[in-house]
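The primary structure of each chain is shown beneath.
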Amino acid sequence: QVQLRESGGGSVQPGGSLRLSCAASGSWTGPYCMGWVRQAPGKEREGVATIGISGNTPVADSVKGRFTISKDVAKNTLYLQMNSLKPEDTAMYYCALRRSRYVDGRFVPCDPSLIDDFDSWGQGTQVTVSS
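Thresholds, definitions, all that
Residues numbered from 1 in each chain as written. Predicted model: local features only at pLDDT ≥ 70, side-chain atom pairs only at ≥ 80, totals over all residues. Heavy atoms only, no water. Helix = DSSP H or I, 4+ residues; strand = E, 2+ residues; numbered from the N terminus. Rg over C-alpha atoms; globule rule 2.2 N^0.38 Å. Buried < 20%, exposed > 50% of the residue type's maximum accessible area, 1.4 Å probe, protein only. Contact = heavy atoms within 4.5 Å. Areas by Shrake-Rupley, 256 points an atom, 1.4 Å probe, with all protein chains shown as cover. Lys, Arg positive; Asp, Glu negative; His and termini not counted. Charge placed at Lys NZ, Arg CZ, Asp CG, Glu CD. Salt bridge = Lys/Arg side-chain N within 4 Å of Asp/Glu carboxyl O. Patch = residues over 30% accessible without salt bridge, like charges linked within 9 Å, V, L, I, M, F, W, Y side chains within 5 Å. Pairing = 2+ DSSP bridges. Axes fitted to C-alpha atoms, helices over the stretch in contact; angles between N-to-C directions.

Caption draft 1: Quick look at the overall build of the protein chain. A tally of helices and strands in the protein chain yields zero helices and 12 strands. Shown N-terminal to C-terminal, the secondary structure of the protein chain runs as helices and strands in the order β-β-β-β-β-β-β-β-β-β-β-β. For the protein chain, the C-alpha radius of gyration of 14 Å lies close to 14 Å, the compact-globule estimate for 131 residues. Over its C-alpha atoms, taken along the principal directions, the protein chain stretches across nearly 50 × 30 × 25 Å. Evaluated residue by residue, the protein chain yields a buried proportion of 40% over its 131 residues. Pairs at least 24 apart in sequence give 62% of the contacts found in the protein chain among residues at least 6 apart. Carbon and sulfur atoms form 46% of the exposed surface of the protein chain, whose accessible area is close to 7200 Å². With 14 positive and 12 negative side-chain charges, the protein chain shows a spacing of 5 Å between the two charge centroids.

Dropping the structure here:
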């Protein structure tokens, strides 16, 4: 239904910045929960940031104050602005989405801690932070 493609990754020194983009194409109907997830080789996936119908943009504690998620609806594009990058931010970064849904009369939260609910994924873009 929806295809996602990330871009904007690269190699930077600690303290540097990068802006990731995720272009969405294909047919879709809202509302959706969208987010960024990262994974380093040999490590588990970590939800980074999400944006949903509530308008809130929660981020993981590990990136709070440094990363910001946003979207451009007209361009069907999701962004992740990453500032003050640290070596531990090194990972493959994926964008992902799912359609908003109800369970027992309420919305399933759109939150970085609930990445298992995402069912559409991009191919990822590599971010490397090193001196």
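There's plenty left to go through after this.
Caption draft 2: Summary view of the pattern of salt bridges. In the structure shown here, the tally under the stated rule is six salt bridges. A salt bridge links Asp-116 to Arg-45, with the shortest nitrogen-to-oxygen separation between them at 3.4 Å. Pair noted here: Asp-116 is in the loop between strand E10 (106–107) and strand E11 (120–121) and Arg-45 is in the loop between strand E4 (32–39) and strand E5 (46–51), with a separation of 71 residues, a long-range link. We classify Asp-116 as exposed; its relative accessible area is 65%.

Caption draft 3: Main features of the environment of Tyr-94. Position of Tyr-94 among the secondary structure elements: in strand E8 (residues 91–99). For Tyr-94, a relative accessible area of 21% corresponds to the partly exposed category. Residues Tyr-94 and Ser-7, 87 residues apart in the sequence, show an inter-C-alpha distance of 9.6 Å. Excluding residues that lie within four positions of it along the chain, Tyr-94 makes contacts with Glu-6, Gly-35, Trp-36, Val-37, Gln-39, Trp-121, Gly-122, Gln-123 and Gly-124.

Caption draft 4: Structural view of the environment of Thr-128. Positionally, Thr-128 belongs in strand E12 (residues 125–129). Taking the relative accessible area as the measure of exposure, Thr-128 reaches 24% and is therefore partly exposed. Placed 37 residues apart in sequence, Thr-128 and Ala-91 show a C-alpha to C-alpha distance of 6.6 Å. Beyond its immediate chain neighbours, meaning those up to four positions away, Thr-128 contacts Gly-10, Ser-11, Val-12 and Thr-90.

Caption draft 5: How the structure looks around a nonpolar patch on the surface. A surface patch of nonpolar side chains, amounting to about 320 Å² of accessible area, comprises Ile-53, Tyr-102 and Phe-107. One can find Phe-107 in strand E10.

Caption draft 6: Representation of the sheet that holds strand E3 (residues 18–26) in the model. Read across the open sheet, the four strands follow the order E1-E3-E7-E6; overall the sheet is antiparallel. The open sheet is flanked by strand E1 (2–7) and strand E6 (67–72), the only strands paired with a single partner. Across the sheet, the mean angle from the axis of one strand to that of its neighbour is 20°, orientation sign disregarded. Relative to strand E7 (residues 77–82), E3 runs antiparallel, the two being bridged by six bridges. From the neighbouring strand, Cys-22 faces E7, where its bridge partner is Leu-78.

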